[in-house]
Amino acid sequence: MHKIQELDKNGSLASMPQKEASRLRHEQARLERNLSGIANLTGMPGALVIVDVNREAIAVKEANRMGIPVIAIVDTNTDPDPIQYPIPGNDDATHSIKLIVNVLADAIVKAGAEYAVVAGKGTGRRGKRAAATEASRPRARKGRGGDHRPGSRSPRAGARSGRSAHGPGASADEKESDAKERKRRKSPKPRP
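Quantities reported herein were computed from a predicted structural model and do not represent experimental measurements.

Calculation criteria
Residues numbered from 1 in each chain as written. Predicted model: local features only at pLDDT ≥ 70, side-chain atom pairs only at ≥ 80, totals over all residues. Heavy atoms only, no water. Helix = DSSP H or I, 4+ residues; strand = E, 2+ residues; numbered from the N terminus. Contact = heavy atoms within 4.5 Å. Areas by Shrake-Rupley, 256 points an atom, 1.4 Å probe, with all protein chains shown as cover. Salt bridge = Lys/Arg side-chain N within 4 Å of Asp/Glu carboxyl O. Buried < 20%, exposed > 50% of the residue type's maximum accessible area, 1.4 Å probe, protein only. Axes fitted to C-alpha atoms, helices over the stretch in contact; angles between N-to-C directions. Parallel < 35°, antiparallel > 145°, perpendicular 65-115°, else oblique. Left-handed = near helix turned anticlockwise from the far one by under 90°. Nonpolar A, V, L, I, M, F, W, Y, C, P; charged D, E, K, R; others polar. Core = buried A, V, L, I, M, F, W, Y, C linked by side-chain atoms within 4.5 Å. Patch = residues over 30% accessible without salt bridge, like charges linked within 9 Å, V, L, I, M, F, W, Y side chains within 5 Å. Pairing = 2+ DSSP bridges. Right-handed = clockwise from strand over helix to strand, strands pointing away.

**Things to note about the overall build of the protein chain**
Within the protein chain one finds eight helices and three strands. In the protein chain, the succession of α and β elements from N to C terminus is α-α-α-β-α-β-β-α-α-α-α. Considering only intrachain contacts with a sequence separation of at least 6, the fraction spanning at least 24 residues in the protein chain is 27%. Of the roughly 14,600 Å² of accessible surface on the protein chain, a fraction of 55% belongs to carbon and sulfur atoms.

Below, the structure written as structure tokens:
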């Protein structure tokens with residue numbers, strides 16, 4: 001997309017044959033339509049906000065694989081298990097979507113201002129890095145004890161179902177022990 005835009009800016013696209021230039025312009029329009037929001041993204045995002053989990057199931061799976069926290073509007077026809085921060089609501093009504101997105105945008109702006117203040121008070125480079133690491137780390141979900149959100153699972157429930165009880169922010173030891181447990185369950189038992 002950036003290469004085609006550069007060709008258009010310096011005038012090389014105009015000097016190409018008409019058919020090839022038309023094909024490149026069509027490709028540029030398609031790429032801008034699909035990728036304009038992430039065209040200048042240089043690193044991994046801090047979080048992913050999803051409105052319709054069923055429609056964006058692939059994005060949710062990819063975010064979970066990459067360890068990116070997912071914030072999503074969860075309707076009654078949606079499985080809340082792969083979502084770290086579910087927001088119960090109607091994902092079909094534009095009014096509810098606008099309300100939730102505006103609240104999230106205000107929270108992001110406020111958090112950015114607070115982070116700038118905290119980062120300014122940090123002790124040099126090390127303080128800023130520690131504050132950024134702490135701010136980007138997803139919070140652990142609570143078990144069934146005091147958290148009654150749909151989809152909240154206790155670590156034992158995850159072990160029984162064969163799913164990982166540890167989220168994307170789990171330590172390497174927790175993930176390794178979980179992998180060993182799954183391998184132990186899958187291996188056939190020797191017959192006497």
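Here the narrative resumes, following the displayed structure.
**Observations concerning the pattern of salt bridges**
With the rule as written, the count across this model stands at two salt bridges. Across the pair Arg30 and Glu27 runs a salt bridge whose closest N-O atoms are separated by 2.6 Å. You can see Arg30 and its partner Glu27 sitting in helix α3 (residues 18–35), three residues apart, about one turn around the helix. Of the residues examined, Arg30 reaches a relative accessible area of 32% and is grouped as partly exposed. Ionic pairing is found between Glu62 and Arg65, a salt bridge with its closest N-O pair at 2.8 Å. On the criterion of helical spacing, the pair formed by Glu62 and Arg65 is a turn pair, its members being three residues apart in helix α4 (residues 57–66).

**Brief notes about the packing of helix α1 (residues 2–10) against α3**
Close contact between α1 and α3 brings their axes to 9 Å; oriented N to C, the two are set at 130°. Judged by the angle between their axes, α1 and α3 are oblique. Classified by chirality, the crossing of α3 by α1 is left-handed. Each of Ile4, Gln5, Leu7 and Asp8 in α1 lies in contact with α3, whose residues at this interface are Leu24, Glu27, Gln28, Leu31 and Glu32. Considering only residue class, the contact of α1 with α3 consists of four nonpolar, two polar and three charged.

**Things to note about the nonpolar core**
In terms of nonpolar packing, the biggest core is built from nine residues, these being Ile50, Val53, Val60, Ala63, Ile68, Val70, Ala72, Val74 and Ile83. Of all the elements in the fold, those that place two or more residues in this core are α4 and β2 (70–74). Ignoring any residue separated from it by four or fewer positions in sequence, one finds Val70 in contact with Leu48, Ile50, Val60, Ala63, Asn64, Ile83, Gln84 and Tyr85. With five residues, the next largest nonpolar core counts Ile4, Leu13, Ala21 and Leu24 among its residues.

**Examining a nonpolar patch on the surface**
Residues Leu35, Ile38 and Leu41 make up a contiguous nonpolar surface patch of roughly 270 Å² in combined accessible area. Within the fold, Ile38 resides in the loop between α3 and β1 (48–50).

**Here's the deal with the sheet that holds strand β3 (residues 85–88)**
Taken in spatial order, the three strands line up as β1-β2-β3 in an open sheet, and their pairing is parallel. For this open sheet the edge positions go to β1 and β3, each flanked by a neighbour on one side alone. Mean inter-strand twist for the sheet, computed between neighbouring axes without regard to direction, equals 15°. Where β2 meets β3, four bridges bridge the pair, whose relative direction is parallel. Across the sheet, Ile73 pairs through a bridge with Ile87, a residue of β3. Packed onto the sheet, α4 meets β1 and β2 and runs at close to 155° relative to β1. Helix α5 (residues 94–121) contacts β1, β2 and β3 of the sheet and is inclined by roughly 155° relative to β2.

**Here's the deal with the pairing of β2**
Among the five residues of β2, five are classified as buried, and the element is accordingly described as predominantly covered. As paired elements, β1 and β2 share three bridges and run parallel to each other. When the sheet's bridge partners are listed, Val49 is paired in β2 with Ile71. Remark: the β1/α4/β2 crossover connection has right-handed handedness.

**Remarks on the side chain of Gln28**
With respect to the element layout, Gln28 can be found in helix α3. Those residues in contact with Gln28, other than ones at most four positions away along the chain, are Ile4, Gln5 and Asp8.

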